[in-house]
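Here is what each chain is made of, one letter per residue.
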Amino acid sequence: MPNRPAVQVEDNVQGSTPIGLGPEPSTTMNTEAAEYQPSRLHAISGTAERLAESVFLLPAILALLFLSIFPLIASLYVSLSRFRIAKGGFTLTFVGFENYKKLFLGTDRTHFLGAFAPSTLLTWVIFGAAVIALAIFLARYILNARVFIGGLIGRILLTLGLGALTWMFVHTLWNGGRLGSVSVTIVYVFVGIFFQYILGLGMAMLTIQHLPGRRFFRVVFLLPMMITPVGVAYMFRMLTDTGKGPFTPVWQALGLINFSWVNNAWGARTAILIADIWQWTPFMFIVLVAALESQPIEPIEAATVDGANSWQIFQHITWPAILPVSMTLILIRLIEAFKIVDLPNIMTNGGPGTATESLTLQAFINWRALDIGASAAVAYILLFLVTFFSMIFVNLIRQRAVQAL
């Protein structure tokens with residue numbers, strides 16, 4: 001047998017790989033498998049985590065779709081249909097936009113939009129001034145260097161919508177006109193929010209002062225918000241009773257013993273507005289108190305040292321500090337105020353006639369009369385109105401107010 005080279009023998013003795021050859025295939029495969037297993041496990045665990053997130057979120061998403069999206073789509077179909085009681089149940093017949101046509105052009109027009117009075121010189125002057133203001137608003141955006149298609153379409157729709165609402169108000173507020181449920185709802189919303197914010201801000205400014213008993217009044221001012229709207233409605237119905245209510249001596253002293261709030265349209269609306277303002281002013285109050293107390297004290301102290309008076313401190317320091325909170329607060333109350341139904345339903349039952357009916361109450365009355373299609377149509381128009389005014393507030397008022405700071 002021939003002798004092997006010494007180097008090869010030595011290498012074999014040491015157990016090393018012969019010169020010129022790579023590692024054994026089994027060793028390479030074991031190393032790759034050892035490196036591949038942790039990375040594979042990491043990928044599997046990452047996939048499992050992503051699947052777990054989807055699995056845990058899926059029930060919430062399905063519940064949200066079932067409770068909000070599905071009723072929205074179903075009510076849209078109902079608003080385009082006519083509901084009929086049939087043997088063994090009911091039937092829904094698709095009628096297109098007939099329910100909406102009845103509200104805008106048909107038998108429910110005076111109930112929904114109001115009774116329009118003939119145009120006068122004053123009517124045309126007010127409407128013309130509003131049209132000029134809206135045209136200037138639209139022209140300023142068009143002449144701007146940065147014009148977007150979406151923004152232009154939105155402002156055109158805004159101009160048309162505000163112009164239509166202005167035409168409706170100038171023809172129903174006076175000269176023999178009569179407000180419809182749309183106008184009444186808008187009056188409730190904007191008049192109520194204006195006084196609620198002013199009173200809430202005033203009470204908040206008082207209770208942050210170092211006055212005796214301020215903690216007691218903070219609790220007292222919150223009490224109206226604790227009462228249910230139905231309870232508030234019954235309470236104010238009793239208070240406004242000039243014949244046998246607890247304020248009868250006061251009404252007698254004022255010569256209102258035989259006066260009925262419900263016999264006069266604006267008297268009934270005023271009573272509902274007073275009840276609504278009384279109930280929701282505490283909501284404004286408590287949020288504004290928190291906003292006022294969270295503002296830094298150093299700028300106020302510096303302004304006081306520099307000789308600024310109370311009004312200057314409020315105008316230049318306090319008001320800019322609480323403006324973002326105020327805008328958000330008004331937006332929340334704006335959305336909520338459109339749904340007013342308890343107070344006009346309990347206090348006046350929508351009367352006299354339909355003078356105090358809100359859109360929500362009109363939808364409820366139609367539903368109670370089994371006119372389900374018309375009820376759904378009114379509810380959808382209310383949804384469009386809330387969206388319209390909310391978009392106006394967010395894009396034109398709140399955004400500019402915050403940017404001006």
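Since this is a predicted model, take the numbers as computed values, not measurements. (Residues numbered from 1 in each chain as written. Predicted model: local features only at pLDDT ≥ 70, side-chain atom pairs only at ≥ 80, totals over all residues. Heavy atoms only, no water.)

Caption draft 1: View of the environment of G177. Within the secondary structure, G177 is located in the loop between α6 (149–172) and β4 (178–179). Spatially, the C-alpha atoms of G177 and T110 are 9.9 Å apart, while their sequence positions differ by 67 residues. (Helix = DSSP H or I, 4+ residues; strand = E, 2+ residues; numbered from the N terminus.)

Caption draft 2: Representation of the pairing of strand β1 (residues 81–86) in the model. Bridge analysis of β1 against strand β2 (residues 89–94) gives six bridges, and the strand direction is antiparallel. The residue bridging R82 from the neighbouring strand is T93, located in β2. As consecutive antiparallel partners, β1 and β2 are separated by two residues, and within that stretch G88 has a phi angle of approximately 80°, a positive value. (Pairing = 2+ DSSP bridges.)

Caption draft 3: Seen up close, the pattern of salt bridges. Under the counting rule described, the total for this entry stands at four salt bridges. In this structure, R218 engages E293 in a salt bridge whose closest nitrogen and oxygen atoms are separated by 2.3 Å. Linking R218 in helix α8 (residues 214–226) with E293 in helix α11 (residues 265–294), this pair joins segments that are 75 residues apart in sequence. A relative accessible area of 19% places R218 in the buried class. (Salt bridge = Lys/Arg side-chain N within 4 Å of Asp/Glu carboxyl O. Buried < 20%, exposed > 50% of the residue type's maximum accessible area, 1.4 Å probe, protein only.)

Caption draft 4: Spatial organisation of a nonpolar patch on the surface. A contiguous nonpolar surface patch, about 920 Å² in accessible area, is contributed by L57, L58, I61, L62, L65, I69, L72, I73, L383 and F384. Elements with a contribution of two residues or more to the nonpolar patch: α2 (25–79) and α16 (372–403). Among the elements that take part in the nonpolar patch, α2 stands out by supplying eight residues, more than any other. Under the relative-accessibility criterion, L62 is labelled partly exposed at 48%. (Patch = residues over 30% accessible without salt bridge, like charges linked within 9 Å, V, L, I, M, F, W, Y side chains within 5 Å. Areas by Shrake-Rupley, 256 points an atom, 1.4 Å probe, with all protein chains shown as cover.)

Caption draft 5: Region of interest: the side chain of R333. One can find R333 in helix α13 (residues 310–337). A relative accessible area of 3% places R333 in the buried class. When near neighbours in sequence (up to four residues on either side) are disregarded, R333 contacts I193, Q196, D276, W280, F283 and M284. (Contact = heavy atoms within 4.5 Å.)

Caption draft 6: View of the packing of α11 against α13. At a minimum axis separation of 10 Å, α11 and α13 run at an interaxial angle of 140°. Classed by the angle they form, the pair α11 and α13 counts as oblique. Pair α11 / α13 crosses with right-handed handedness. Side by side, α11 and α13 meet where D276, W280, F283, M284, V287, L288, A291 and L292 of the first sit next to T318, I322, V325, S326, L329, I332 and R333 of the second. (Axes fitted to C-alpha atoms, helices over the stretch in contact; angles between N-to-C directions. Parallel < 35°, antiparallel > 145°, perpendicular 65-115°, else oblique. Left-handed = near helix turned anticlockwise from the far one by under 90°.)

Caption draft 7: Layout of the nonpolar core. Among the nonpolar cores identified, the biggest contains 65 residues, and L334, F338, L343, M347 and F389 are the most heavily contacted of them. Discounting residues that sit within four places of it in the chain, L334 has contacts with V189, F190, I193, F389, S390 and F393. (Core = buried A, V, L, I, M, F, W, Y, C linked by side-chain atoms within 4.5 Å.)

Caption draft 8: Representation of the packing of aromatic side chains within the structure. Going through the model one piece at a time under the given rule, you end up with 23 aromatic pairs. Taking 6.2 Å as the distance between ring centres and 0° as the angle between the ring planes, the aromatic pair formed by F66 and F70 counts as stacked. Of the two residues, F66 and F70 both sit in helix α2, four residues apart, roughly one turn of that helix. Accessibility classification places F66 together with F70 in one group, the exposed group. (Phe/Tyr/Trp six-rings, centres within 6.5 Å; stacked < 30°, edge-to-face > 60°.)

Caption draft 9: The arrangement of α13 in detail. Along its 28 residues, α13 runs just 33 Å from first to last C-alpha, ending more than 12% under the 40 Å computed at 1.5 Å per residue. If you check the start of α13, you find a side-chain oxygen 3.3 Å away from the backbone N of W311, and it comes from N309. (Expected span 1.5 Å × (residues − 1). Polar contact = N/O pair within 3.5 Å; in protein donor to acceptor, adjacent residues only side chain to side chain.)

Caption draft 10: Quick peek at the confidence of the model for the protein chain. Per-residue pLDDT for the protein chain averages 84, and the proportion of residues at 70 or more is 87%. Element-level pLDDT for the protein chain is lowest in helix α1 (residues 6–14), with a mean of 44, against a maximum mean of 95 in helix α7 (residues 181–207). Counting interchain partners and residues more than four positions distant, the pLDDT-below-50 stretch residues 1–22 has six contacts. (pLDDT = per-residue confidence, 0-100.)

Caption draft 11: Main features of the packing of α6 against α7. At a closest axis distance of 11 Å, the pairing of α6 and α7 adopts a crossing angle of 100°. As judged from the angle between their axes, α6 and α7 are roughly perpendicular. For the pair α6 and α7, contact is made by L165, M168, F169 and T172 and by V182, S183, I186 and V187, respectively. Class assignment of the residues belonging to the contact of α6 with α7 gives a composition of six nonpolar, two polar and no charged. (Nonpolar A, V, L, I, M, F, W, Y, C, P; charged D, E, K, R; others polar.)

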